[in-house]
Amino acid sequence: MSADQEAPREYPARPIVGVGGVVFDADRVLLIRRRFEPLKGHWSLPGGAVEVGETLQAAVAREVLEETGLTVEVGSVLDVFDRITWDDASRVRYHFVLVDYLCRNVGGDCRPGSDVDAVVWARIDDLERYALTEKALAVIANPSTTVTVTPEVRAIPSRLTTLKPVSVKVTV
């Protein structure tokens, strides 16, 4: 689908599927500050919309790379949830179905991409200063995030035992 045929994100006809990457480095988590709506100017986990023909795992690897310059290995699903925003007239302005994945940094140079204006490795004990959404804080605090993702061992939350984690590496 070309850019001029892309479904609108604002006031969409149907929900948009998106992904997020939860990337840890010891006691730090990777955060980005969004350059565009929704959540323009707010700190968040790296991620974005899934493109037509793209798997969820490939989408999260691509989005983390585009937004942060880092190549990640994609692990298990941490959470699936809706992010719905209404306007003053009670119309749905944004509706995303988001799938957040645990990811492991495997390389690259950490730097902001074109759709973010800052990238930071934030200390877990200092997240309050970033005013993250309650959902982002909950995903970061998910007990499954304490497991190290490696090619040999991956943790899958018990509610998702039918899913198989996939390792995806995207390079540019």
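Quick caveat, the model's predicted, so the values are computed rather than measured.

Draft legend 1. Up close: the environment of Val 99. You can see Val 99 is positioned in strand E6 (residues 92-108). Sequence separation between Val 99 and Val 17 is 82 residues, and the spatial gap between their C-alpha atoms is 7.9 Å. Val 99 has contacts with Gly 18, Val 19, Gly 20, Leu 56, Val 77, Asp 79 and Val 80, leaving out every residue within four places of it along the chain.

Draft legend 2. Region of the structure containing the packing of aromatic side chains. Under the criterion given, the structure shown has 2 aromatic pairs. Judged by centre distance (5.2 Å) and plane angle (80°), the rings of Trp 43 and Tyr 130 are edge-to-face. Taken together, the positions of Trp 43 in strand E3 (residues 43-44) and Tyr 130 in the loop between strand E7 (116-123) and helix H2 (134-141) put the pair 87 residues apart, joining distant regions of the chain. Both residues of the pair, Trp 43 and Tyr 130, belong to the buried class. Ring plane angle 15° and centroid distance 6.4 Å describe the contact between Tyr 94 and Phe 96, whose orientation is recorded as stacked. Each member of the pair, Tyr 94 together with Phe 96, is buried.

Draft legend 3. Seen up close, H2. Those residues of H2 not exposed but buried are Ala 136, Val 139 and Ile 140. Across the axial projection of H2, the buried residues extend over an arc of 100°, all falling on one side. Summarising the geometry of H2, the exposed residues directed more than 90 degrees from the buried face are Glu 134 and Ala 141. Of the surrounding elements, those touching the buried residues of H2 are strand E1 (16-25), strand E2 (28-34), strand E5 (70-86) and E6.

Draft legend 4. Focus on the nonpolar core. Core analysis: the largest hydrophobic core is formed by 21 residues, its most contacted members being Val 29, Leu 31, Leu 45, Leu 127, Tyr 130, Leu 132 and Ile 140. Where this core is concerned, the elements lending two or more residues are E1, E2, E5, E6, E7 and H2. Looking at this core, the element that brings in the most residues is E6, giving 4 residues. When neighbours within four sequence positions are excluded, Leu 45 is seen to be in contact with Gly 21, Val 22, Val 29, Leu 30, Leu 31, Ile 32, Arg 34, Asp 100, Val 139 and Ile 140. Among the nonpolar cores identified, the runner-up in size contains 18 residues, and Val 64, Leu 70, Val 72 and Cys 103 belong to it.

Criteria and cut-off values
Residues numbered from 1 in each chain as written. Predicted model: local features only at pLDDT ≥ 70, side-chain atom pairs only at ≥ 80, totals over all residues. Heavy atoms only, no water. Helix = DSSP H or I, 4+ residues; strand = E, 2+ residues; numbered from the N terminus. Contact = heavy atoms within 4.5 Å. Phe/Tyr/Trp six-rings, centres within 6.5 Å; stacked < 30°, edge-to-face > 60°. Buried < 20%, exposed > 50% of the residue type's maximum accessible area, 1.4 Å probe, protein only. Arc of directions from axis to C-beta. Core = buried A, V, L, I, M, F, W, Y, C linked by side-chain atoms within 4.5 Å.

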